[in-house]
Amino acid sequence: MGTAQTEFTAEELLADHAVAEPLVARGIRCHGGFDETGEYVSPRTRHRVPAIEAWQAKHREEFGTEILHVPLETWPANFPNVAQARFLIEKGVPEPLIATLTRIGTVEGFGANIRFLNPGDFQKHFDESIAGTATAHLGTGLFEAHGRDEAGWEEEAGHKDMWFAARDIAFGDPDAKIDVDAMLARMGFGPGGSGDGSVLDRLLPDDIDTNVELIANLMVRVLLIEVQAFHTFAWADAWLSDTNLVAGEGEAARLVSYIRADETPHVGYLKTAITEMRDRTWVGSSGRKHDGAEMVGRIWDACRAQSLGAGRAVTRKAILGEVEHWVLKRPNGTDLLAEFHSLATTDEAGAAA
Ligand SMILES: [Fe+2]
Ligand SMILES: [Fe+2]
């Protein structure tokens, strides 16, 4: 057994590093900050990051298996691609990019819903002990830290507002000129729509507690979104950092780099806990035992298929809708749209057909 600490209180998992300077974007106090050397420090990582490392080491030691890895290459690159984003801005049609950043910020805000998951006494659903694991800390700090990172907490803004700030820095306060609510409604985020109104389709035996399946399912879905987001970060950085293309002297791209840094512990704790559950025996309500690898596998396959299939198609349709909406308002819209599509990457050209 390693000697690293593996038991933490919620307060510890939510604790910040001391920062020399807070992060302020467009006058808004955001989470995180900078150390004495000017290095960005993510919020709530004082104990959370070493905790994740300790849980991973403990798992390898006790189970002899690696923590699952989700390759970014599972998904194709962002739509629109960098060339298409540049093209739209250069042709004076920045609105679809404004829409995209608005959409990303809005989805980030929904991420806060993870804090409403309530694992309760999670141990009773597993045969092996979960003491000193990420799984045991989901309801006591990890989900809460994740939710606070995404949507902000108390006076500190989180990712939702950081994306909106990046947008407003790059495009010089577009709210004044654009009806952002109408934009969101066109992309399927109308009033009453949470953007994720799915009810749980049971994938596991009835014997498995519904709440356990709900938690495992949401964790896998969120993990896949979190990993895929690294495409979005690279894409946004490529054009937001171009000072000839957008305003703000690179400030918008820097904000995105801070958001990216904050996502690493999200990916870290989710893949650790999912691995811990995968390698344990699940105990149903009747007392029957179920192979964790099979339980997680069923959820994994369904969520992965959804992410690469229907989920991707819905996002693409929403963004393409915005591109068409704005490009076709221009006098030479049809030609611009054709040129936009001609810049598609190979896999997107296939998806568009
Ligand atoms: Fe986030
Ligand atoms: Fe996240």
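Scroll up to find the structure this text is about.
A. Layout of the coordination of the iron ion (ligand 1). Within the protein, E108 (OE), E150 (OE), H159 (ND1) and E263 (OE) serve as the donor atoms for the iron ion (ligand 1), at 1.9 to 2.1 Å. Bound by four donor atoms, the iron ion (ligand 1) shows angles of 77 to 155° at the metal and therefore irregular coordination geometry. Counting the intervening residues between successive donors of the iron ion (ligand 1) yields the motif E-x41-E-x8-H-x103-E. In this structure, the iron ion (ligand 1) is positioned 3.2 Å from the iron ion (ligand 2), and both are ligated by E150.

B. How the structure looks around the environment of A170. Within the fold, A170 resides in helix α6 (residues 159-171). Under the relative-accessibility criterion, A170 is labelled buried at 5%. Look past the residues within four positions of A170 in its chain and what remains in contact with it is L240, V246, A247 and A252.

C. Helix α2 (residues 48-63), seen in detail. Its 16 residues place the ends of α2 22 Å apart at the C-alpha level, agreeing with the 22 Å of an ideal helix rising 1.5 Å per residue. The set of residues buried in α2 consists of R48, A51, I52, A54, W55, Q56, K58 and H59. The inward-facing, buried residues of α2 abut α1 (10-13), α5 (138-151) and α9 (251-278).

D. Spotlight on the nonpolar core. Counting residues in hydrophobic clusters, the biggest one holds 53 residues, and the most contacted among them are F171, W239, L240 and L255. The dominant element in this core, judged by the number of residues it contributes, is α6, at seven residues. The residues touching F171, leaving out its near neighbours within four places in the chain, are I89, P94, L97, I98, L101, K177, W239 and V246. Of all hydrophobic cores here, the second largest spans 41 residues; its members include L204, V212, A273 and W300.

E. Region of interest: the pattern of salt bridges. Within this structure, the stated rule accounts for 18 salt bridges. With a closest N to O distance of 3.7 Å, R26 and D168 form a salt bridge. Of this pair, R26 sits in the loop between β1 (21-25) and β2 (28-34) while D168 sits in helix α6, placing them 142 residues apart in sequence. Accessibility expressed as a relative area gives 7% for D168, which makes it buried. Here K289 ties to D127 by a salt bridge, and the two come within 3.4 Å at their closest N and O atoms. Of this pair, K289 sits in strand β5 (residues 289-291) while D127 sits in the loop between α4 (95-110) and α5, placing them 162 residues apart in sequence. For D127, a relative accessible area of 42% translates into the label partly exposed.

F. Layout of the side chain of E322. The residue E322 is located in helix α11 (residues 310-327) in this model. Judged by relative accessible area, which is 1%, E322 ranks as buried. If sequence neighbours within four positions are ignored, E322 has contacts with P96, A99, M183, R186 and M187.

G. Highlighting the packing of aromatic side chains. All chains considered together, the criterion is met by 12 aromatic pairs. Taking 6.1 Å as the distance between ring centres and 80° as the angle between the ring planes, the aromatic pair formed by F79 and F340 counts as edge-to-face. Of this pair, F79 sits in the loop between α2 and α3 (82-90) while F340 sits in helix α12 (residues 333-342), placing them 261 residues apart in sequence. The exposure classification of F79 matches that of F340, with both residues buried. Judged by centre distance (5.5 Å) and plane angle (65°), the rings of F122 and F126 are edge-to-face. Comparing F122 with F126 shows no difference in burial state: the two are buried. Three or more aromatic residues joined by ring pairs make a cluster, and in this case those are F34, Y40 and Y258.

Analysis parameters
Residues numbered from 1 in each chain as written. Chains lettered and ligands numbered in written order. Predicted model: local features only at pLDDT ≥ 70, side-chain atom pairs only at ≥ 80, totals over all residues. Heavy atoms only, no water. Donors = N, O, S within 2.8 Å, 3.2 Å for Na, K, Ca; no water. Tetrahedral: all angles 85-135°; square planar, octahedral: opposite > 155°, others 65-115°. Helix = DSSP H or I, 4+ residues; strand = E, 2+ residues; numbered from the N terminus. Buried < 20%, exposed > 50% of the residue type's maximum accessible area, 1.4 Å probe, protein only. Contact = heavy atoms within 4.5 Å. Expected span 1.5 Å × (residues − 1). Core = buried A, V, L, I, M, F, W, Y, C linked by side-chain atoms within 4.5 Å. Salt bridge = Lys/Arg side-chain N within 4 Å of Asp/Glu carboxyl O. Phe/Tyr/Trp six-rings, centres within 6.5 Å; stacked < 30°, edge-to-face > 60°.

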